[in-house]
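Coordinates in review
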Amino acid sequence: MIFRTSTTNSLVISSKDSSTIAAARTTGVPVLDQSRGTSNLPMVPCNEIACLLVRQMISYDTHETSSHALTPEGAQIVLEGSHEARVWAALPAKGEGNPVGAQELKKKVGDEAAKVGQGRAFKNNWIAKEGNGFVKAVTQIIDSTQHDLREVESAGTLQAGEKVLADLRKRKLISQRKGQWFTVRRGPSFSTSIAKLETDLTVDMLTSGAWKTASFKKYNFEADGIPTSGGALHPLLKVREEIRSIFLEMGFEEMPTNSFVESGFWCFDALFVPQLHPARELQDTFYLSDPSTSLPPPDAYYKRVAQVHEQGGYGSIGYRTPWSHEESHKLLLRTHTTASSASMLYKLAAKCRDGFRPAKLFSIDRVFRNETMDATHLAEFHQVEGVVADKNLTLADLIGFMRVFFKKMGMNDLRFKPAYNPVHRGSMHQLSWSSMAKRVIHVGRVGESRPPILRDVLFPAKAVVHSFLGSVPLPVCGRSLITTRRIKIGIATCAGSLEAACATRA
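As the structure is a prediction and not an experimental result, all values here were calculated from the model. (Residues numbered from 1 in each chain as written. Predicted model: local features only at pLDDT ≥ 70, side-chain atom pairs only at ≥ 80, totals over all residues. Heavy atoms only, no water.)

Applying the stated criterion across every chain yields a total of 22 aromatic pairs. With centroids separated by 5.6 Å and ring planes inclined at 70 degrees, the aromatic side chains of Phe260 and Phe368 adopt a geometry described as edge-to-face. In this pair, Phe260 sits in the loop between strand E8 (253-254) and strand E9 (261-263) while Phe368 sits in strand E11 (residues 359-368), placing the two residues 108 residues apart along the sequence. Under the relative-accessibility criterion, Phe368 is labelled buried at 11%. Residue placement shows Lys136 over the ring face of Trp88; its charged tip is 4.1 Å from the ring centre. Positioned above the aromatic ring of Tyr287, the side-chain terminus of Lys330 is 5.2 Å from the ring centre. (Phe/Tyr/Trp six-rings, centres within 6.5 Å; stacked < 30°, edge-to-face > 60°. Helix = DSSP H or I, 4+ residues; strand = E, 2+ residues; numbered from the N terminus. Buried < 20%, exposed > 50% of the residue type's maximum accessible area, 1.4 Å probe, protein only. Lys NZ or Arg CZ within 6 Å of the ring centre and 35° of its normal.)

Okay, the sheet that holds strand E15 (residues 439-449) next. A sheet is described by the order of its strands in space; here seven strands give the open sequence E8-E11-E12-E16-E15-E14-E13, paired in mixed fashion. The open sheet has two free edges, formed respectively by E8 and strand E13 (414-418), since each of these has just one partner strand. Relative to E15, strand E14 (residues 424-434) is paired through nine bridges, and the arrangement is antiparallel. Each bridged residue has a counterpart across the sheet, and for His424 the counterpart in E15 is Ser449. Set on the sheet, helix H9 (residues 235-249) makes contact with E8, E11, strand E12 (380-391) and strand E16 (463-471); between it and E11 the angle comes to about 165 degrees. (Pairing = 2+ DSSP bridges. Contact = heavy atoms within 4.5 Å. Axes fitted to C-alpha atoms, helices over the stretch in contact; angles between N-to-C directions.)

Geometrically, the link from Asp290 to Pro291 is a cis peptide bond, its omega value of -5 degrees lying close to zero. Mapped onto the fold, Pro291 is located in the loop between helix H10 (264-267) and helix H11 (299-311). You will see that Arg320, though not glycine, has its phi angle at about 55 degrees, which is positive. Although it is not a glycine, Leu458 adopts a positive phi angle of roughly 70 degrees. Relative to the helices and strands, Leu458 is located in the loop between helix H15 (451-456) and E16. A residue is classified by how much of its surface remains accessible, and Leu458, at 43% relative accessible area, is partly exposed.

Here we take up the pairing of E11. By the criterion of burial, E11 is predominantly enclosed, with eight of the 10 residues buried. As paired elements, E8 and E11 share two bridges and run parallel to each other. Counted as the bridge partner of Glu253 is Leu361 from E11. Two elements, E11 and E12, share 10 bridges in a ladder whose sense is antiparallel. Paired with Ser363 across the strands is Glu385, a residue of E12.

Under the counting rule described, the total for this entry stands at 16 salt bridges. The salt bridge involving Arg334 is made with Asp365; its shortest N-O contact spans 3.6 Å. Separated by 31 residues along the polypeptide, Arg334 in the loop between strand E10 (331-333) and helix H13 (338-351) and Asp365 in strand E11 bring together distant segments of the chain. Pair check on accessibility: Arg334 and Asp365 agree, each one buried. (Salt bridge = Lys/Arg side-chain N within 4 Å of Asp/Glu carboxyl O.)

The next thing to look at is the nonpolar core. Ranked by size, the top nonpolar core spans 32 residues in total, and within it Phe265, Trp266, Ala270, Tyr301, Phe356, Phe459 and Val465 carry the most contacts. Among all residues touching Ala270, those that are not within four sequence positions of it are Phe265, Tyr301, Val305, Ala342 and Ile453. Among the nonpolar cores identified, the runner-up in size contains 27 residues, and Phe252, Val384, Val446 and Phe468 belong to it. (Core = buried A, V, L, I, M, F, W, Y, C linked by side-chain atoms within 4.5 Å.)

With that settled, the discussion passes to helix H6 (residues 144-155). The first and last C-alpha atoms of H6 sit 16 Å apart over 12 residues, in line with the 16 Å expected at 1.5 Å per residue. Residues Thr145, Gln146, Asp148, Leu149 and Val152 constitute the buried set of H6. An end-on view of H6 places all buried positions within 160 degrees of arc, on one side of the element. Along H6, the residues that are exposed and aim more than 90 degrees away from the buried face are His147, Ser154 and Ala155. (Expected span 1.5 Å × (residues − 1). Arc of directions from axis to C-beta.)

Within the fold, Pro92 resides in the loop between helix H3 (83-90) and helix H4 (102-109). Classification of Pro92 by relative accessible area gives buried; the value is 19%. For the pair Pro92 and Thr139, spaced 47 residues apart in the sequence, the C-alpha separation amounts to 10.0 Å. When neighbours within four sequence positions are excluded, Pro92 is seen to be in contact with Gly97, Asn98, Val100, Phe134, Val135 and Lys136.

This is the structure we're talking about:
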C-alpha cells in the first residue's frame, strides 16, 4: 500500500501489489485506483501512520517527491497567453497600420503585461520599434511559455529540464512543492481494530489480574523530555554576596558566625543590655528548653561584666539591679550577630596584651526573633554587621566609611538620624532614598561601642570600636519595586521571577 503526502502534512493511500493490507476497506482506509490519479483522494493525517507504527501494526518506508504548481500569474498565462505573446497580438503588422505607442499599449494589455512583455518580445525578435511606437516584426509566433506552463499544470514537471523550470520559477510563474510518500507493510501486531494501550500498571490491575491480558504502551526513550529551567540565584543571595565582596574589597576579615545558639551572657550581658530589658522576654526571643543553660564564660570577664551591670564603672552608674546568674546562663537562638562580635572583641583584646592591633571584621548570617510575621517582619532573617577597632576614631570617620560602603551598593543619598541603642554611644539610624520604591528606607544603625563594653574586655583606653548593623533584606526591598519581605524573600517568592532575574546588577 502506498501513502502519498503533500505540503499539508496529510496522507492519501493507493494499492500497490498483492501485499496490500487486505482489510483496508474494513478499517475505513480509502483504497486508490491508480488509473484515476491522486489529486482527489481523501487525506489521512500524518500522525495516524505514526500512531500505527508505535503500536507495531504497520511498518513503512519514506520516499521524497518534488513537483511544481502554477502560481496565480502562471494560471492566467495558461488561459490568456504569455505577456510577450499578448503584446505581440496587440500590435499591427509592419506596414499595415499605425505603430502603437507605449501608453496605448498599456491600455490594450494592461500595465503589467506591457512592462514585462515588451522586453521579452524584443528579446525574442517578435516586435520592432517604428517611430514612437511598436509594430510586429514577424507574422507568427510560438508561445513556448504558455506551452511549458500547460505541461507543468498537467504533469507537475517539464521534459525540457531544470534550466527551463528554474527560469519559470525566477519569473514567479510556478512554485516548487515537496512531498513524501510511504510504502506501508503489515507489522507484527497488525489488526483490523485498534485496542487502547495501557500506560500505567495500577493497583487495581494487579489486584484483579487484568494486567495479564492488557496491552501496554511501550516507552519511547527517544521522546523529548520536559525542558529543564536553568538555575537562578535568589535576590537575597545576590545582595549577600555583593555585600561580602564590598567588605573584602575594603580590607575586612570575615568573622566565624556558625554559632546559632548563644548564651544570654554573650547575646545581651556582654553588650551592656540590662537583664530586665523587654527584648529578653519570651515574646521577643526564642529560648531553648533542652539543654536550657550554657557553660560558664571566662570567670574574670564574667565578674567584671556583672559588676558594671550592678554597680557601674568606666563612667557608667550601671543599672542598679540584682545580677541574675540564671538569666545570664540561659541558652537562646541569637537575636543578632553582635553576640559573635562580642566574643571576637574579647579574643581580639586578649591578643593585644603585648600591643594594640587595629582590626576590621564583618559577618553576614542568620538571626532569629520571636516576631509576628507581617509585610516587614520575619522570624528569621539575615543580618550584616561590621566592626572597626583602632585608636582615636571619631563619628566622622564612621559616617564617611558608611557613605563609601553604601555608594558601592548604589545608594548615594545616605542620611543619619540620632537614636538610642544600649550597645552604642552616639548611636544613629541610617536612612537612604530608594529611587525604585520612591521612599526613604531604613538600611541599618551605626555607632561607637560604649566604654564599659571595651574596658571589660581590657581594651586600651584610647582604643575605639565602631560597629554598624543592618538587615540584608532591607537593601533587597529598597532596590526593587517590591516592599513586602514575604513576597521578595519569604515563602511567597515567585519562582518564575527568580528564573527571569538577571544574574548580576547592572
